[in-house]
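# Topology and contacts: notes
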Amino acid sequence: NSKVIQTPRYLVKGQGQKAKMRCIPEKGHPVVFWYQQNKNNEFKFLINFQNQEVLQQIDMTEKRFSAECPSNSPCSLEIQSSEAGDSALYLCASSARDRSSYEQYFGPGTRLTVL
Amino acid sequence: QQQVRQSPQSLTVWEGETAILNCSYEDSTFDYFPWYHQFPGESPALLIAIRPVSNKKEDGRFTIFFNKREKKFSLHIADSQPGDSATYFCAAEAGGSNAKLTFGKGTKLSVKS
């Protein structure tokens, strides 16, 4: 069972509002991923971190999305100005990423609804 | 551009039958292939995974068959149970610095009793 913690489980925002969600990776997992799963069950990779450093990220062209994984604090994903199309399940996953383990374990997700 | 193709979109089998879910990929750099299942209202849970050094991986009733030459892999669920009813996603990852998962579009499995 995954030990990734995500809060809040549900988030409701109006258009233009900020939406912030947090993730605590499984203990001992230095790599954290954020994915978006839309209502059609399609997954979109957003960003990943190793410790506090960004490894990869999509081209967040509108710069509405930002993320960080500060030392000794939860990781976070923030949408600066929510749009209706941002309504989705936001999934955080963590991974040990050692030689024998590529496994990514997902948290319960934050379901964002933008009204 | 969809890099991992999954079929069928939905599948219904009777209890006790073997369910077969299929995936194919294009990117030759992919070297890790997990399967997740997701129940309604929940997040995806890792079921089983394979690296291309093997062409078969078993875990209880779940088996992955992998064909590197044809860039195909499949999940076989033996002795299917109603509790296996869920959406199953295959995925692939290139590893190294390109560690993100690329998912298929999912197969909704229904097991009838």
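Report on the accompanying structure. What you see is a predicted model; the values in this text were computed from it and never measured. (Residues numbered from 1 in each chain as written. Chains lettered and ligands numbered in written order. Predicted model: local features only at pLDDT ≥ 70, side-chain atom pairs only at ≥ 80, totals over all residues. Heavy atoms only, no water.)

Another point: the overall build of chain B. Counting its secondary structure elements, chain B contains zero helices and 11 strands. When the helices and strands of chain B are placed in sequence order, the string is β-β-β-β-β-β-β-β-β-β-β. What you see for chain B is a C-alpha radius of gyration of 14 Å, in line with the 13 Å of a compact globule of 113 residues. Every one of the 113 residues in chain B was classed for burial, and the buried ones make up 47%. (Helix = DSSP H or I, 4+ residues; strand = E, 2+ residues; numbered from the N terminus. Rg over C-alpha atoms; globule rule 2.2 N^0.38 Å. Buried < 20%, exposed > 50% of the residue type's maximum accessible area, 1.4 Å probe, protein only.)

Further remarks concern the interface of chain B and chain A. By a widely used convention, the size of an interface equals the accessible area lost when the partners come together. Residue-level contacts link 21 residues of chain B with 21 residues of chain A. Of the roughly 1,700 Å² buried at the junction of chain B and chain A (both faces included), carbon and sulfur atoms supply 55%. Counting every contact that joins chain B to chain A gives one salt bridge. A salt bridge links Glu42 of chain A to Lys105 of chain B; the shortest N-O distance between them is 3.7 Å. Our count for the chain B to chain A interface comes out at seven residue pairs in polar contact (both at pLDDT 80 or more). Counting residues per element, the ones that place at least two in the side of chain B that touches chain A are β4 (33-38) and β9 (86-92) of chain B. Residue classes in the side of chain B that touches chain A are distributed as eight nonpolar, eight polar and five charged. (Contact = heavy atoms within 4.5 Å. Buried area = accessible area lost by both parts, 1.4 Å probe. Salt bridge = Lys/Arg side-chain N within 4 Å of Asp/Glu carboxyl O. Polar contact = N/O pair within 3.5 Å; in protein donor to acceptor, adjacent residues only side chain to side chain. Nonpolar A, V, L, I, M, F, W, Y, C, P; charged D, E, K, R; others polar.)

Residue and element names in this part refer to chain B. Overall, antiparallel pairing links the five strands, which are arranged β1-β3-β8-β7-β6 in an open sheet. Only two strands of the sheet have a single partner each, and these edge strands are β1 (4-7) and β6 (56-59). Adjacent strand axes in the sheet meet at a mean angle of 15 degrees, parallel and antiparallel pairs treated alike. By the bridge criterion, six bridges tie strand β3 (residues 19-25) to strand β8 (residues 72-77) in an arrangement that is antiparallel. Across the sheet, residue Cys23 finds its bridge partner in β8, namely Phe73. (Pairing = 2+ DSSP bridges. Axes fitted to C-alpha atoms, helices over the stretch in contact; angles between N-to-C directions.)

Below, the discussion takes up unusual backbone geometry. Going from Thr7 of chain A to Pro8 of chain A, the amide bond is cis rather than trans, its omega being -10 degrees. Relative to the assigned elements, Pro8 of chain A resides in the loop between β1 (5-7) and β2 (10-13). Cis geometry is adopted by the peptide bond preceding Pro8 of chain B, which originates at Ser7 of chain B and carries an omega value of -10 degrees. Mapping Pro8 of chain B onto the fold places it in the loop between β1 and β2 (10-14). Residue Asn41 of chain A is not a glycine yet carries a positive backbone phi of 70 degrees. Position of Asn41 of chain A among the secondary structure elements: in the loop between β4 (31-37) and β5 (43-50). With phi around 55 degrees, Asn51 of chain A is a residue other than glycine that occupies positive phi space. On the secondary structure map, Asn51 of chain A appears in the loop between β5 and β6 (53-57).

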